[in-house]
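# An overview of the molecular structure
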Amino acid sequence: MRGEPDVTLFLCGDVMLGRGVDQVLPHPGDPTLWEEYVRDARSYVELAEAVNGPVRRPVDWAWPWGAALRLLDEAAPDLRVVNLETSVTRGDDVAYGKGVHYRMTPENLPSLAVARPDVTVLANNHVLDFGRRGLLDTLDALAAAGLPVTGAGRDAAGAWRPAAVPLPGLGPRVLVFGCGMPSSGIPPDWAAAPGTPGVAYVPVASGATAGQVVRRIREVRRPGDLVVVSVHWGSNWGYGVPRSQVEFAHALVEGGVDVVHGHSSHHPRPVEVYEGRLVLYGCGDLIDDYEGIGGYPEYRDELRLLYFAALARDTGALRGLRMVPLRARRLRLEEASEDERGWVRTTLDRVSRGFGVRVGSREGGLYAEPAV
C-alpha cells in the first residue's frame, strides 16, 4: 500500500575474489596460471605491493571489503546483490583459449559470506573458467554456505531461476534474475541447456531478446513483486553504451522490470532513469587484483562505487540513488579522498547527462538526479 517505507537495494560491480586475492586469504589455492605472461597468481599480489606497499599474509576474511563492510552496515539495505566473477573450485579443468582464469578455493568462501549477500549472481565470463565441473563445484560451495544464486545452474531451468528474496514483513518479494551476453566475453558454449550446466545466456542485446527475458519473468512474478535483472554485458573499457544495450534495457523496463543492474566494465558507466526505473549500464569492478597492472589510466579503475538504490515498495519506481566512492589499495577497499570523490562525480555526471541524469555530491556520497 502507499505510504510504506522504501526498499533499499545494495548493488555493485564485479567481485573477483580469485587469483591474487585468493592468495592472501587464509586458505590460498594452487597459484598456477595459464596466462600468456603470468604463470603464478602470487605475481599479482607482488604487483599490488610494488605500487601501494606490503600486504600481510594471510589477511582476514573481511580484508578485501575493507571500509565497504562498515558502509554497508550503516546503510542497512533490505537486499544485497553481488556479481561473483570467480569460479569456486580446487579443480584444474581449465578453459583453454581464454586469456584469464579466476579461481578461489571453497575454503575461502567466508570472504564472500562476510558481506552477507542475499543474492550472488553467477552469469559472467569467469564462472566456467574451470569447466562445467568447476561450475558445479561453485554451485555446491555456495549452496553449502547458504548463499542463494542466480544466473547459472545445473541446467537451463536452474540458470534462469531467479533468486526470490522476501521483503521484511508480509508481502511482496524481490526477484533477481541474472543473465550474460557474448559482448562481455561469455563463450556461446557456456550457455546452460536442458541437462547441461551453464549460464543464463542472451545471445545479443535487442528488444526481441529482452522480450524473451520478460516472458520468463511473467511466469514467476506475483502481484507486488519487485524485479531486478542483473546483466553481464559490454566491453571492459569506455563510457559509450551501444544502442542495442539501451534498447534491451528500455524493453526490460517497458516489460515491468524495476532495476537493470549492468556489469562487466572495469569502471562505472552511465546511469539512466527510464520511465522512473533505474538502469545502471556498468557498475565497474568492486574487488579485484588489478593494482599495479598498467594501461587505461584515464579511467581510474582503482576507484570503485557502492550503489544504494531506494525503490518505492508499491511501484518499484526509483526514489533515490546514492553512490559511495571507494579506492582499492593493497587488495582492500578504503574510503576515497575528497579529490577522488570529485573525479568520480565529475566523470559520472558527464557521461550520464546524455541519459537525462546529473550526478551531484552531498554528505554521504554522490546522488543521481534528473538533469534539468
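To be clear, the structure that these remarks concern was listed above.
Think of each chain on its own: its residues are numbered from 1, step by step along the sequence as written. The predicted nature of this model means local features are confined to residues of pLDDT at least 70 and side-chain atom pairs, given and counted, to a pLDDT of 80 or more, with totals for whole chains, interfaces and linings taken over all residues. Excluding hydrogens and water, the side-chain values take into account all heavy atoms of the structure.

Moving on to the overall build of the chain. To qualify as a helix, a DSSP run of H or I must reach at least 4 residues; to qualify as a strand, a run of E must reach at least 2; elements of each kind are numbered from the N terminus. On a plain count of helices and strands, the chain comes out with 9 helices and 20 strands. We take the radius of gyration over the C-alpha atoms and set the globule estimate at 2.2 Å times the residue count to the 0.38 power. A compact globule built from 372 residues should have a C-alpha radius of gyration of about 21 Å, and the chain, at 19 Å, falls within 12% of that. Projecting the C-alpha coordinates of the chain onto the three principal axes gives extents of approximately 55 × 50 × 40 Å. Taking as baseline every contact in the chain between residues at least 6 positions apart, the subset at least 24 positions apart corresponds to 70%. Any two residues whose heavy atoms approach within 4.5 Å at even a single point are treated as in contact.

With that settled, the discussion passes to helix 7 (residues 207-220). Multiplying 1.5 Å by the residue count of a helix minus one yields the expected span of that helix. Between the first and last C-alpha of helix 7 there are 21 Å, a value that for 14 residues agrees with the 20 Å anticipated at 1.5 Å per step. Three exposure classes are used, based on accessible area relative to the maximum for each residue type with a 1.4 Å probe and protein chains only: buried under 20%, partly exposed in between, and exposed over 50%. All of the buried residues in helix 7 are Thr209, Ala210, Val213, Val214 and Ile217. Down the axis of helix 7, the sector holding all buried residues measures 150°, keeping them to one side. Counted as exposed and oriented over 90 degrees from the buried face of helix 7: Ala208, Arg215, Arg218 and Glu219. Residues of helix 7 that are buried make contact with helix 6 (156-160), strand 9 (173-180), strand 11 (226-232) and helix 8 (243-254). Arc definition: directions from the helix axis to the C-beta atoms.

Looking only at helix 2 (residues 42-52), the buried set comprises Tyr44, Val45, Ala48 and Asn52. Axial view of helix 2: buried residues confined to an arc of 105°, hence all on one face. Residues of helix 2 that are buried make contact with helix 1 (20-24) and strand 17 (318-328). Trailing helix 2 by a residue or two, glycine 53 shows a phi angle of about 105°, which is positive.

Both strand 13 (residues 271-274) and strand 14 (residues 277-280) contribute to a ladder of 4 bridges, which runs antiparallel. Bridged to tyrosine 274 within strand 14 is arginine 277. Between strand 13 and strand 14, which pair antiparallel and follow one another directly, the connecting turn spans 2 residues, one of which, glutamate 275, has a positive phi of 50°. Two strands make a pair as long as DSSP finds a minimum of two bridges between them.

A few words now on the pairing of strand 8 (residues 163-166). The side-chain alternation of strand 8 yields one buried face, formed by Ala163 and Val165, and one unburied face, formed by Ala164 and Pro166. In terms of strand pairing, strand 8 meets strand 9 through 4 bridges, oriented antiparallel. Counterpart to valine 165 in the pairing with strand 9 is valine 174.

Within the secondary structure, arginine 173 sits in strand 9. The buried category is assigned to arginine 173, whose relative accessible area is 13%. At 3.2 Å, the side chain of arginine 173 forms a polar contact with the backbone oxygen of valine 220. Residues within four places of arginine 173 in sequence aside, it is in contact with Ala164, Val165, Pro166, Leu167, Val220, Arg222, Gly224, Asp225 and Leu226. Side-chain atoms alone can form a polar contact between residues adjacent in sequence; in general such a contact is a pair of N or O atoms within 3.5 Å, and within protein one must be able to donate a hydrogen while the other accepts it.

Interhelical geometry of helix 7 versus helix 8 gives an angle of 35° and a closest axis separation of 8 Å. Helix-helix and strand crossings are classified by hand; for helix 7 and helix 8 the assignment is right-handed. On helix 8, the residues that touch Gly207, Thr209, Ala210, Val213 and Val214 of helix 7 are Glu247, Phe248, Ala251 and Leu252. In the scheme used here, Gly and all other residues not listed as nonpolar or charged are polar, with Ala, Val, Leu, Ile, Met, Phe, Trp, Tyr, Cys and Pro taken as nonpolar and Asp, Glu, Lys and Arg as charged. Here the contact of helix 7 with helix 8 is built from residues that sort into 6 nonpolar, 2 polar and 1 charged. A fitted line through C-alpha atoms serves as each axis, taken over the contacting stretch for helices, and the angle formed by two N-to-C directions is quoted from 0 to 180°. Left-handed describes a crossing whose near helix is turned anticlockwise from the far helix by less than a right angle; the clockwise case is right-handed.

Moving on: the sheet that holds strand 11. The strand order 8-9-11-12-14-13 describes an open sheet built from 6 strands, whose pairing is mixed. Edge strands, defined here as strands with exactly one partner in the open sheet, are strand 8 and strand 13. The sheet shows a mean angle of 20° between the axes of neighbouring strands, taken without regard to direction. With respect to the sheet, helix 7 is in contact with strand 9 and strand 11, its orientation differing from that of strand 9 by roughly 150°.

One finds Val15, Trp65, Leu112 and Leu306 to be the most contacted residues of the largest nonpolar core, which totals 49 residues. Those residues within four positions of leucine 112 in sequence are excluded, and the remaining contacts are Leu17, Trp65, Val82, Leu84, Pro117, Thr120, Leu142 and Leu147. Nonpolar core, defined: a set of buried Ala, Val, Leu, Ile, Met, Phe, Trp, Tyr and Cys residues in which side-chain atoms within 4.5 Å join the residues together. If you look at the next biggest cluster of nonpolar residues, it comprises 37 residues, including Val119, Tyr239, Leu311 and Val351.

For this document, the term salt bridge refers to a Lys or Arg side-chain nitrogen within 4 Å of an Asp or Glu carboxyl oxygen. Going through the model one piece at a time under the given rule, you end up with 24 salt bridges. For the salt bridge of arginine 304 with aspartate 288, the shortest nitrogen-to-oxygen distance reads 3.1 Å. Here arginine 304, found in strand 16 (residues 303-311), pairs with aspartate 288, found in the loop between strand 15 (285-287) and strand 16; they are 16 residues apart in sequence, far enough to count as distant. Here the salt bridges do not stand alone but share partners, grouping Arg19, Glu35 and Asp289 into one network.

Here we take up the packing of aromatic side chains. Aromatic rings from Phe, Tyr and Trp, taking only the six-membered ring of Trp, are treated as a pair when their centres fall within 6.5 Å; an angle between ring planes under 30 degrees marks them as stacked, one over 60 as edge-to-face, and anything in between as tilted. Counted according to the given criterion, the structure contains 9 aromatic pairs. Ring pairing ties together the aromatic residues Trp233, Phe248, Tyr281 and Phe355, which thus form one cluster. Both a distance and an angle decide whether a charge sits over a ring: NZ of Lys or CZ of Arg must be within 6 Å of the ring centre and within 35 degrees of the ring normal. Over the face of the ring belonging to tryptophan 343 we find arginine 300, whose NZ or CZ atom lies 5.4 Å from the ring centre. It is arginine 350 that lies over the ring of tyrosine 239; its NZ or CZ is 5.6 Å from the centre.

Turning our eyes to something else, we now look at the environment of tyrosine 44. Looking at where tyrosine 44 falls in the secondary structure, it is placed in helix 2. It is 7.8 Å that separates the C-alpha atoms of tyrosine 44 and arginine 19, two residues lying 25 residues apart in sequence. With residues near it in sequence (within four places) discarded, tyrosine 44 still touches Arg19, Gly20, Leu33, Glu35, Val38, Asp289, Glu291 and Ile293.

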